[in-house]
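Understanding the architecture of this molecule
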Amino acid sequence: MSHRFCVAPMMDRTDRHERFFLRSLSKKAYLYTEMINANAVLFGDQNELLKFNECEHPLAIQLGGNDPIKLSEAATISESYGYDEINLNIGCPSNKVQSGNFGAILMNKPNLVAKCVKAIKNKVNIPVSVKCRIGVDDMDEEKDLNTFIKKVSDSGCKIFIVHARKAWLKGLSPRENRNIPPLNYERVYKLKDEFPHLEIIINGGLENIEDSKNHLTKVDGVMMGRKAYENPFQLTKVDHLFYGMPFLSKTRKEVLLRMIPYIIQQHKAGIKINLISRHFMGLTKGTRFAKQIRANLTNLNALKEPEKKLTQIANQLG
Ligand SMILES: Cc1cc2nc3c(=O)[nH]c(=O)nc-3n(C[C@H](O)[C@H](O)[C@H](O)COP(=O)(O)O)c2cc1C
């Protein structure tokens with residue numbers, strides 16, 4: 001399983017419906033869940049939080065937390081559900097996450113992160129990865145980042161996904177923290193030079209599939225977040241461009257038509273259609289009737305024959 005192209009973990013985006021949809025666009029892209037707090041895994045509705053469709057492999061679960069024991073227990077449970085990798089969130093700067101003392105704030109505590117990774121590694125057989133930033137606040141982007149990567153990799157993590165900008169822990173919203181601190185791809189390339197035995201995946205600001213591929217001359221993989229969600233159709237090129245598979249041309253219409261049996265099956269199981277169809281909005285990007293199609297996609301719940309309407313929408317997509 002390769003991380004040459006990954007879709008980023010995104011809260012309220014990369015749920016199991018979105019991932020099913022992404023898998024219809026690329027067979028090979030490495031997928032990640034939204035961040036799930038270790039406490040939620042231990043004390044919440046595990047089936048609701050952890051179950052997924054078999055087709056979603058390769059699939060990593062992203063855990064949030066700072067307690068080695070709880071994280072290792074949550075990882076053990078996750079492994080039993082069949083995830084391919086445990087990913088630890090060391091990049092989220094939200095106030096809520098900071099007040100729980102996990103996420104990006106842990107970049108300042110490499111010894112604790114190393115302990116968490118070690119505890120997880122001791123309990124599971126699947127790989128453990130860390131998603132981090134190049135730093136936080138006034139942390140030294142060179143020396144301190146190297147110390148972080150060295151300590152955490154010595155504890156058993158060999159895969160690092162690095163968002164190529166710092167997080168500023170005071171004064172910026174999570175959204176601003178994805179845009180305002182400057183991108184520094186060179187620093188991530190340098191990490192690969194300094195730690196050639198580690199798998200380094202670059203993240204942050206990737207605009208399109210073709211340009212993203214250029215990073216592969218410097219690092220092992222790329223992770224795309226917002227643009228994969230906003231313009232998912234471009235993912236139909238991933239298997240060819242990143243994994244050397246023959247290019248299989250698909251239209252937007254074919255993509256949506258193939259989703260219909262899934263939507264109907266989920267609807268019959270009690271899932272509201274718009275919880276699935278909301279993820280297709282990006283499929284309309286650049287199409288003629290985008291606004292109208294998006295309106296149609298939001299109004300499916302009350303319909304007696306949603307299948308008919310969905311087929312109409314697919315035809316509109318062309
Ligand atoms: C709506 C949204 C939710 C996000 N949730 C998470 C998350 O749960 N865990 C995480 O590590 N990063 C999260 N991120 C950050 C992304 O994984 C990614 O690092 C960031 O968006 C930069 O990549 P991009 O420029 O390709 O979007 C989120 C981003 C967005 C836009």
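**Considering the sheet that holds strand 6 (residues 159-163)**
The eight strands are arranged 1-8-7-6-5-4-3-2 in an open sheet whose pairing can be described as parallel. Whereas interior strands pair on both sides, the edge strands pair on one side only; in this sheet they are strand 1 (5-7) and strand 2 (31-37). Neighbour-to-neighbour, the strand axes of this sheet turn through a mean angle of 25°, independent of strand direction. The pairing of strand 7 (residues 199-203) with strand 8 (residues 221-224) spans three bridges and is parallel. Bridge assignment links isoleucine 202 to a residue of strand 8, and that residue is valine 222. Along the sheet face, helix 8 (residues 185-194) touches strand 6 and strand 7 and points at about 175° away from the line of strand 7.

**With respect to the domain arrangement of the protein chain**
Each assigned domain of the protein chain is listed here: domain 1 (5-243) and domain 2 (252-317). If you average the C-alpha positions of domain 1 and of domain 2, the two centres end up 30 Å apart. Contact with domain 1, which involves 11 residues of that partner, is made by 12 residues of domain 2. At the level of elements, helix 1 (16-25) and helix 10 (226-230) are the ones that each hand at least two residues to the side of domain 1 that touches domain 2. If one sorts the elements of the side of domain 1 that touches domain 2 by residue count, helix 1 sits on top with six residues. Taken together, the residues of the side of domain 1 that touches domain 2 sort by class into six nonpolar, three polar and two charged.

Reading guide: rules and limits
Residues numbered from 1 in each chain as written. Predicted model: local features only at pLDDT ≥ 70, side-chain atom pairs only at ≥ 80, totals over all residues. Pairing = 2+ DSSP bridges. Helix = DSSP H or I, 4+ residues; strand = E, 2+ residues; numbered from the N terminus. Axes fitted to C-alpha atoms, helices over the stretch in contact; angles between N-to-C directions. Contact = placed C-beta atoms within 7 Å. Domains from an automatic or database assignment. Nonpolar A, V, L, I, M, F, W, Y, C, P; charged D, E, K, R; others polar.

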